[in-house]
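Take a look at the letters that make up each chain.
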Amino acid sequence: MVPLAEAGVFGWLLGLFSFKLVSCLALAGAIFAIGAWGVLARRNVLVMLISVELMLNAVMLTFVSFSRALVNMGPQLSNPYAAEGGQIFALFIIAIAAAEAAVGLAIVISYFRNRQTVDTREIRAMKN
Amino acid sequence: MAPYLWKLLPILLVFGGVLGIVPLLVFLERKICALIQDRLGPNRVGILGPDSPLEILGIKTGEKRFLGGLMQPLADAIKLIAKEDIIPPHVEKYLFEFAPFFALLPPFLAFAVIPVGAPLMIDGKEMPLVVADVGVGFLWILAVASLSAYGVALGGWASNNKYALLGGIRATAQMISYEIGLGMALLAVAMQYQSVEPVQIVKQQVEGGFLGWGVFHQPLAFLLFTICAFAENNRLPFDLPECEAELVGGYHTEYSSMKFGMFFQGEYIAMLTMGGLLATLFLGGWHYPGYAALSASDSGFVQIVAVVLSLVSFGIKTMGFVLFSMWVRWTLPRFRYDQLMNLGWKVIVPVALFNIVLTAMLNIH
Amino acid sequence: MEYSVQIMSPAAHILFWFVMVMTVASAALVVVAKKILHAAFALSICFLGVSGIYVFLHADFLAAVQLIVYVGGIIVLIMFAIMFSSHTQEAGGEGGRHYLALGAGAATALIVFTSVLMMVGKLNQPLAEQNNRAYEAYQHTVGITAADLAAEPQRLGLGHMLMGEYLLPFEVASILVLAALLGAVVIVRKETKG
């Protein structure tokens with residue numbers, strides 16, 4: 001971090017709020033935490049599914065930011081697969097998230113058709 | 001002039017052109033409808049004569065009407081803007097206010113990657129006449145087109161009215177189903193040209209001359225794309241979401257004033273965008289026979305003429321698709337919903353898959 | 001700066017922060033929204049923001065896929081499920097426990113977020129160095145020589161990687177998606193007689 005006296009107010013602020021790997025990772029962490037909050041706090045199955053999607057997205061964002069940071073290392077980098085490896089992981093996560101959403105929503109809809117509820121406190125037919 | 005000022009030129013051309021042409025399309029739609037169904041169509045508000053805008057301002061312009069009906073879109077626009085904007089008490093307010101933007105914006109954004117004219121030579125560098133020459137090419141159009149389902153779905157839901165909700169659900173299901181067919185038809189095109197960037201695709205077609213146009217190389221994809229474009233735009237014969245006979249007005253039943261106007265405009269801009277994409281991928285984009293001879297000329301004036309003619313050529317191709325869709329709209333009856341879904345999933349998707357395999361086999365090097 | 005991802009104009013930095021704030025705010029709205037459809041809509045805004053961040057990270061293709069599959073596919077599917085499984089005026093309706101649960105969940109989320117931040121703060125060792133070391137170990141096990149590496153282009157495209165190094169996972173993922181498709185159809189299908 002450049003001292004305030006050297007950079008001036010504008011430059012200091014720019015340094016603080018510039019686009020960095022750390023800011024992307026912090027964003028991913030925030031989204032993940034919010035997703036976890038949703039899964040823990042809400043009792044509607046659909047909202048819980050949505051929150052799981054948020055958490056998956058946070059993980060994807062982490063992969064992509066790290067892969068971009070590795071590309072930026074440029075000549076220091078000897079591994080050709082590092083450059084877009086993170087994006088490949090993100091693509092697989094998207095494919096699996098799509099499958100998860102399709103099956104999850106199918107279960108929710110068929111449950112709603114039988115029991116007229118999507119509240120986890122009411123869903124206890126398998127209990128005991 | 002600074003180079004970034006030249007970048008403003010395509011932006012002005014595209015957005016000015018699209019916005020300017022929409023009122024004309026409304027007029028054309030009604031006139032073509034009148035022609036096909038043996039009606040009269042708008043014939044009152046003209047440029048001169050009784051009922052003309054000049055007459056309203058108090059200038060007498062004679063007894064005889066001149067170009068009657070041409071000023072009707074202007075009158076309609078004034079009416080739409082000036083009308084009371086009714087928000088019924090039973091709607092979900094925020095989503096209700098938000099939905100029209102989702103109907104209007106996506107087709108606009110999609111137009112950004114379509115090259116509208118031949119590249120200009122500026123300081124010895126070629127500048128394609130396109131707003132944004134992005135690497136993901138027409139994937140951007142697919143991505144943005146998928147957003148337009150939101151306008152319809154949210155509009156239908158927020159209206160809190162069973163007809164609007166049914167219209168919204170129908171439209172969403174229809175749009176996602178046909179997006180798959182559209183994407184697969186475009187996949188074959190991408191395989192053919194080994195690129196997804198519209199600028200590159202047009203370049204290859206221009207190099208091939210008239211017979212290099214995509215329609216001669218990908219006839220099946222052209223057919224599939226045309227069908228899917230109709231369904232994506234919710235136009236007849238696939239206008240189940242509106243379907244006046246069953247659903248009153250579908251998803252925009254509860255909308256009035258300019259919010260309805262935005263849905264309405266969005267539909268026409270979407271038609272233009274699909275027409276532009278069709279022209280770019282299958283009809284050689286801005287290319288016209290004789291471009292090679294004109295652009296090879298030494299004279300700067302002739303080169304500028306070549307670029308202007310390319311703009312005209314692109315406009316004619318785009319308008320050709322739009323006029324074709326109007327012709328179809330007023331000629332064919334509406335599909336039933338199960339027929340629509342059968343066509344989408346059991347005909348278009350398999351044929352598109354077959355086309356992909358065929359393209360792959362024909363392009364083995 | 002060691003981890004600075006790229007050099008951008010101040011306007012781009014401001015845009016980045018705008019997108020970031022929008023993403024976090026809409027993600028929070030997903031959890032606190034009373035109506036489920038509002039939550040789904042907020043989720044779509046959040047994913048739009050994430051795909052914007054992908055563009056900043058030079059992952060254009062991934063941004064387009066995010067828009068097509070997530071925003072245009074999965075969330076529309078979720079909206080469908082919401083329209084089929086609830087009534088318009090039904091609120092969150094989670095009773096008196098609602099605020100307690102929200103508070104407890106928020107506390108947990110805060111702990112998660114803090115620990116992520118602490119981990120991020122520990123990123124002291126240059127990334128490339130770590131990566132190179134890991135790759136040397138990998139080469140050692142698989143037996144790729146430096147000459148093999150020199151023959152390859154330095155950066156492979158996503159498509160080449162999917163069809164080469166990652167072909168097996170790609171095929172497995174496609175089978176998984178097919179199975180999920182069939183499974184979803186079987187689960188929601190109405191039972192017919194005969």
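Within each chain, residues carry numbers counting from 1 in the order of the written sequence. Whichever chain is written first becomes A and whichever ligand is written first becomes 1, with later ones labelled in order. Given that this is a predicted model, residues contribute local features only at a pLDDT of at least 70 and side-chain atom pairs are listed and counted only at 80 or more, while totals for whole chains, interfaces and linings are drawn from all residues.

Draft legend 1. Local environment of the confidence of the model for chain A. Counting all residues, the mean pLDDT for chain A is 79, and 74% of those residues have values of 70 or more. Confidence of the predictor at the level of single residues is given by pLDDT, which spans 0 to 100. Strands here mean DSSP runs of E at least two residues long; helices mean DSSP runs of H or I at least four residues long; both are numbered from the N terminus. For chain A, the element scoring lowest by mean pLDDT is helix H1 (residues 4-16) of chain A, at 63; helix H2 (residues 21-41) of chain A scores highest, at 88.

Draft legend 2. A look at the domain arrangement of chain B. All names here are of chain B. Annotation comment: domain bounds sourced from an automatic or database domain assignment. Domain annotation for chain B reports domain 1 (3-41 + 85-362) and domain 2 (42-82). A separation of 31 Å is found between the C-alpha centroids of domain 1 and domain 2. By the convention adopted here, residues are in contact when the distance between their C-beta atoms, placed from the backbone, does not exceed 7 Å. Contacts between the two partners involve nine residues from domain 1 and, on the opposite side, eleven residues from domain 2. When residues of the side of domain 1 that touches domain 2 are traced back to their parent elements, those giving at least two are helix H1 (3-36) and helix H11 (257-282). Among the elements that make up the side of domain 1 that touches domain 2, the one with the highest residue count is H1 (four residues). Note on residue classes: Ala, Val, Leu, Ile, Met, Phe, Trp, Tyr, Cys and Pro are nonpolar, Asp, Glu, Lys and Arg are charged, and everything else, Gly too, is polar. Looking at side-chain class alone, the side of domain 1 that touches domain 2 contains five nonpolar, three polar and one charged residues.

Draft legend 3. Representation of the packing of helix H5 (residues 138-158) of chain B against helix H3 (residues 60-85) of chain C in the model. In this analysis an axis means a line fitted to C-alpha atoms, helices contributing only their contacting stretch, and an angle means the value between N-to-C directions, from 0 to 180 degrees. The interhelical angle for the contact between H5 of chain B and H3 of chain C, taken along N-to-C directions, is 20°, at an axis separation of 8 Å. Viewed along their axes, H5 of chain B and H3 of chain C adopt a mutual orientation that is roughly parallel. Handedness of the crossing formed by H5 of chain B with H3 of chain C: left-handed. Between H5 of chain B and H3 of chain C, the residues in contact are Leu139, Trp140, Leu142, Ala143, Ser146, Leu147, Ala149, Ala153 and Trp157 of chain B and Ala64, Leu67, Ile68, Val71, Gly72, Val76, Met79 and Met83 of chain C, respectively. Among the residues forming the contact of H5 of chain B with H3 of chain C, the class breakdown is 15 nonpolar, two polar and no charged. Roughly parallel means an angle under 35 degrees; roughly antiparallel means over 145; roughly perpendicular covers 65 to 115; every other angle is labelled oblique. Here a crossing is taken to be left-handed if its near helix is turned anticlockwise relative to the far helix by less than a right angle, and right-handed if that turn runs clockwise.

Draft legend 4. Spatial organisation of the interface of chain C and chain B. Contacts between the two partners involve 16 residues from chain C and, on the opposite side, 20 residues from chain B. For the side of chain C that touches chain B, the elements supplying multiple residues, two or more each, are helix H2 (36-56) and H3 of chain C. By residue number, the principal contributor to the side of chain C that touches chain B is H3 of chain C, which donates twelve residues. In terms of residue class, the side of chain C that touches chain B is built from eleven nonpolar, four polar and one charged.

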